[in-house]
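# Chains, contacts and geometry: an overview
These are the residues of each chain, in order.
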Amino acid sequence: VVVDGRARGIVVRDLVSGVVGSCAGDAVVLATGGYSNVYYLSTNAKGCNVTAIWRAHRRGAAFANPCFTQIHPTCIPQTGHHQSKLTLMSESLRNDGRIWVPKRKGDARPPREIQESERDYFLERLYPSYGNLVPRDVASRRVKEVCDEGRGVGPGGYGVYLDFADAIARLGRHVIAERYGNPAPHYTMGGLWVDYNLMTTIDGLYAIGEANFSDHGANRLGASALMQGLADGYFILPYTIGDYLAQVKLGQVGTDHTAFRQVEREVSERVERLLAARGRTTPDAFHRELGRLMWDKCGMSRNAQGLKETLQKIAALGERFARDVYVGGKGEEFNQTLEHAGRVADFFELAELMCRDALHREESCGSHFREEFQTPEGEAKRDDARFGYVAAWEYAGAGKAPVLNKEPLEFEVVHPAQRSYV
Ligand SMILES: Cc1cc2nc3c(=O)[nH]c(=O)nc-3n(C[C@H](O)[C@H](O)[C@H](O)COP(=O)(O)OP(=O)(O)OC[C@H]3O[C@@H](n4cnc5c(N)ncnc54)[C@H](O)[C@@H]3O)c2cc1C
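Residues numbered from 1 in each chain as written. Predicted model: local features only at pLDDT ≥ 70, side-chain atom pairs only at ≥ 80, totals over all residues. Heavy atoms only, no water.

Attention shifts here to helix 10 (residues 336–360). End to end, helix 10 covers 36 Å across 25 residues, agreeing with the expected 36 Å (1.5 Å per residue, within 8%). With a side-chain oxygen positioned 3.3 Å from the backbone nitrogen of Thr337, the residue opening helix 10 is Asn335. (Helix = DSSP H or I, 4+ residues; strand = E, 2+ residues; numbered from the N terminus. Expected span 1.5 Å × (residues − 1). Polar contact = N/O pair within 3.5 Å; in protein donor to acceptor, adjacent residues only side chain to side chain.)

Structure representation (structure tokens):
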């Protein structure tokens, strides 16, 4: 809730009773995590969503680098379309495991029957120096490529083998599962734009942790999310928020202020709209369809044609959602379908922004791999001269194109350079 240009509170819907209520304050901190669940299947908890930061974006907080999303290379393989969650496995498995698929498309023989000469250890072949230890984004992208070629293994062909035979022979381990390896959306580097004080473009609104865009650029290194959480919450925010409160003169604003009534009304109207649709399709089915689109066209690798088509498909799917979603039940009760419907509606809008961001960034960098911009060896080709900036998108209103603001990146000590793992 924004009063006189400053964040002065929030409006919430109680998930148990369904009652819409308000909390007023002198500042607001969002620590609501990342948005990997836009892909439907991810390593995040099922309840993770984008709603809080998306609502803030719609109120004026810029959203930075939404297309920078990290796909983790090692999760337990997906078994089919019925699945609703992906489970991460320790990345240390890649230290000893050798990743391979059969050379021949559609080869469904058990792995033991596939001879060494018939196996493609594709990461070792493509990256002789780094082999199976290439960074997350590179490994995940190559895994998806071989699966798309029809050489994936396991149910649905979504997996690759992570083979411990050599490690077992070498280290004497006897019980290591034979088939592992499958990429999964895991972390989102994009999020609300914040300054060094962790304040968004709305005065008094702070975003910390995975909810903001800071620290990780286009690709987060393993373990640094928890570092960021600690730094933001313990070392930075307690000082910067105090500094803000000491500098501004805030008038008394309580939940009886008209701004709260207005937002509560908007929330209730939104709930009523979702309940009124009376369609035939569950929010989950829409979410799954959206996730598949994003995974295919705005996931590990992207291209202009795919992104343009996806923008059209998201718009069409969003229209169908408004008409055909079925929620059932009431607003003022425990209603998880209603809860999910609201989140899926926000994921539609976010997905559109992610595709726009990915489309405008005509380079490859970090997790953002544009197929048109790659080196002859198939590596990401940067274009720092044109794209060395943070893309901070501003909401311009429903049905209007968002406005792109560019925050130039200045490198004083370490300069960005072309990566090569060949
Ligand atoms: C399986 C897995 C393993 C990981 N391993 C590592 C690791 O080894 N090292 C590392 O550094 N990082 C790791 N990460 C990443 C790291 O855990 C996350 O980036 C980090 O926990 C994010 O912290 P956060 O506090 O910003 O958000 P979260 O921990 O996601 O917390 C956000 C909270 O806000 C709540 N919330 C969301 N929306 C709303 C709303 N609208 N209203 C009310 N509440 C809301 C959520 O329910 C959640 O409790 C891992 C992530 C996963 C998924």
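Continuing now.
Counting 74 residues, the largest nonpolar core has Tyr35, Phe63, Met294, Phe321 and Leu350 as its most contacted members. In terms of residues, this core owes the most to one element, helix 10, which gives 12 residues. Ile99, Val134, Val143 and Val160 belong to the second-largest nonpolar core, a separate cluster that totals 16 residues. (Core = buried A, V, L, I, M, F, W, Y, C linked by side-chain atoms within 4.5 Å. Buried < 20%, exposed > 50% of the residue type's maximum accessible area, 1.4 Å probe, protein only.)

For the rest of this paragraph, the subject is the environment of Phe369. As for its position among the elements, Phe369 is in the loop between helix 10 and helix 11 (384–387). Separated by 106 residues in the primary sequence, Phe369 and Val263 place their C-alpha atoms 39 Å from one another. Residues in contact with Phe369, not counting those within four places in the same chain, are Arg141, Met300, Ser301, Arg302, Ser364, Gln374, Gly378, Glu379 and Ala380. (Contact = heavy atoms within 4.5 Å.)

Our focus in this paragraph is the sheet that holds strand 10 (residues 161–163). What holds strands together in a sheet is hydrogen bonding between their backbones, with the strands either parallel or antiparallel. Strand order in the open sheet made by the 3 strands is 9-8-10, with antiparallel pairing throughout. Among the strands making up the open sheet, the edge pair consists of strand 9 (119–120) and strand 10. (Pairing = 2+ DSSP bridges.)

Turning our attention to the site of the ligand. Looking at the ligand, there are 17 residues lining it, with Tyr187, Glu210, Ala223, Ala225 and Leu226 nearest. Take Asn49: an N or O atom from its side chain is 3.4 Å from a nitrogen atom of the ligand. Contact distances for the ligand include 3.2 Å between an oxygen atom and a backbone N or O atom of Ala225. Contact with the protein chains removes 54% of the 1000 Å² of surface that the ligand exposes when unbound. Only strand 11 (184–188) and helix 6 (224–247) provide two or more residues apiece to the shell around the ligand. In terms of residues, the shell around the ligand owes the most to one element, helix 6, which gives 3 residues. Residue composition of the shell around the ligand, by class: 7 nonpolar, 8 polar and 2 charged. (Near = heavy atom within 4 Å. Areas by Shrake-Rupley, 256 points an atom, 1.4 Å probe, with all protein chains shown as cover. Nonpolar A, V, L, I, M, F, W, Y, C, P; charged D, E, K, R; others polar.)

Here we take up the packing of helix 9 (residues 304–324) against helix 10. Two elements in contact, helix 9 and helix 10, have axes whose closest approach is 9 Å; the angle formed by their N-to-C orientations is 160 degrees. Taken together, helix 9 and helix 10 sit at an angle that is classed as roughly antiparallel. In this structure, helix 9 crosses over helix 10, and the sense of that crossing is left-handed. Where helix 9 abuts helix 10, its residues Ala304, Leu307, Lys308, Thr310, Leu311, Ile314, Leu317, Gly318 and Phe321 lie against Ala341, Val344, Ala345, Phe348, Ala351, Glu352, Cys355, Arg356, Ala358 and Leu359. Within the contact of helix 9 with helix 10, the residues separate by chemical class into 14 nonpolar, 2 polar and 3 charged. (Axes fitted to C-alpha atoms, helices over the stretch in contact; angles between N-to-C directions. Parallel < 35°, antiparallel > 145°, perpendicular 65-115°, else oblique. Left-handed = near helix turned anticlockwise from the far one by under 90°.)

If you walk through the whole model with that rule in mind, you get 10 aromatic pairs. Arranged with centres 6.2 Å apart and planes meeting at 75 degrees, the rings of Tyr206 and Tyr244 form a pair that is edge-to-face. One end of the pair, Tyr206, is in strand 13 (residues 205–207); the other, Tyr244, is in helix 6, and 38 residues separate them in sequence. We classify Tyr244 as buried; its relative accessible area is 8%. Sitting over the ring of Tyr121, Arg98 keeps its end group 3.9 Å from the ring centre. For the cation-ring pair, Arg220 lies above Tyr187, with the distance from its terminal atom to the ring centre recorded as 4.2 Å. (Phe/Tyr/Trp six-rings, centres within 6.5 Å; stacked < 30°, edge-to-face > 60°. Lys NZ or Arg CZ within 6 Å of the ring centre and 35° of its normal.)

Another aspect to go through is the domain arrangement of the protein chain. Domain boundaries assigned for the protein chain yield domain 1 (2–72 + 185–408) and domain 2 (93–182). When each unit is reduced to the centre of its C-alpha atoms, the spacing between domain 1 and domain 2 is 34 Å. Overall, the association of domain 1 and domain 2 removes approximately 1100 Å² of surface from exposure, summing both partners, and the carbon and sulfur fraction of that is 46%. Considering only the surface of domain 1 that becomes buried against domain 2, His72, Met300 and Glu379 emerge as the three largest contributors, covering 41% of it. (Domains from an automatic or database assignment. Buried area = accessible area lost by both parts, 1.4 Å probe.)

Moving on, we come to the sheet that holds strand 12 (residues 191–192). The sheet built from 4 strands is open, its strands ordered 12-6-14-15 with antiparallel pairing. Edge positions in the sheet fall to strand 12 and strand 15 (403–408), since each has one partner strand and no second. One ladder, built from 6 bridges, connects strand 14 (residues 389–394) with strand 15; its direction is antiparallel. Bridge pairing links Ala392 to Asn405 in strand 15.

Here we take up the pairing of strand 4 (residues 20–24). Bridge analysis of strand 3 (residues 9–13) against strand 4 gives 5 bridges, and the strand direction is antiparallel. In the sheet register, Ile10 faces strand 4, and the bridge partner there is Cys23. Counting the residues that bridge the hairpin from strand 3 to strand 4 gives 6 residues, and of these Gly18 lies at a positive phi of roughly 80 degrees.

With that settled, the discussion passes to the pattern of salt bridges. Taken as a whole and assessed by the stated rule, the structure comprises 29 salt bridges. Close ionic contact of Arg361 with Glu363 constitutes a salt bridge, the shortest N to O distance being 2.9 Å. Both residues of the pair, Arg361 and Glu363, belong to the buried class. Overlapping salt bridges, with partners in common, bring together Arg104, Asp107, Arg109 and Glu118 in one network. (Salt bridge = Lys/Arg side-chain N within 4 Å of Asp/Glu carboxyl O.)

This part covers unusual backbone geometry. One can expect most non-glycine residues to show negative phi and most peptide bonds to be in trans. Even without being a glycine, Asp4 presents a positive backbone phi close to 50 degrees. Residue placement: Asp4 occurs in the loop between strand 1 (2–3) and strand 2 (6–7). At Asp215, a position not held by glycine, the phi torsion is positive, near 75 degrees. Checked against the element boundaries, Asp215 lands in the loop between strand 13 and helix 6.

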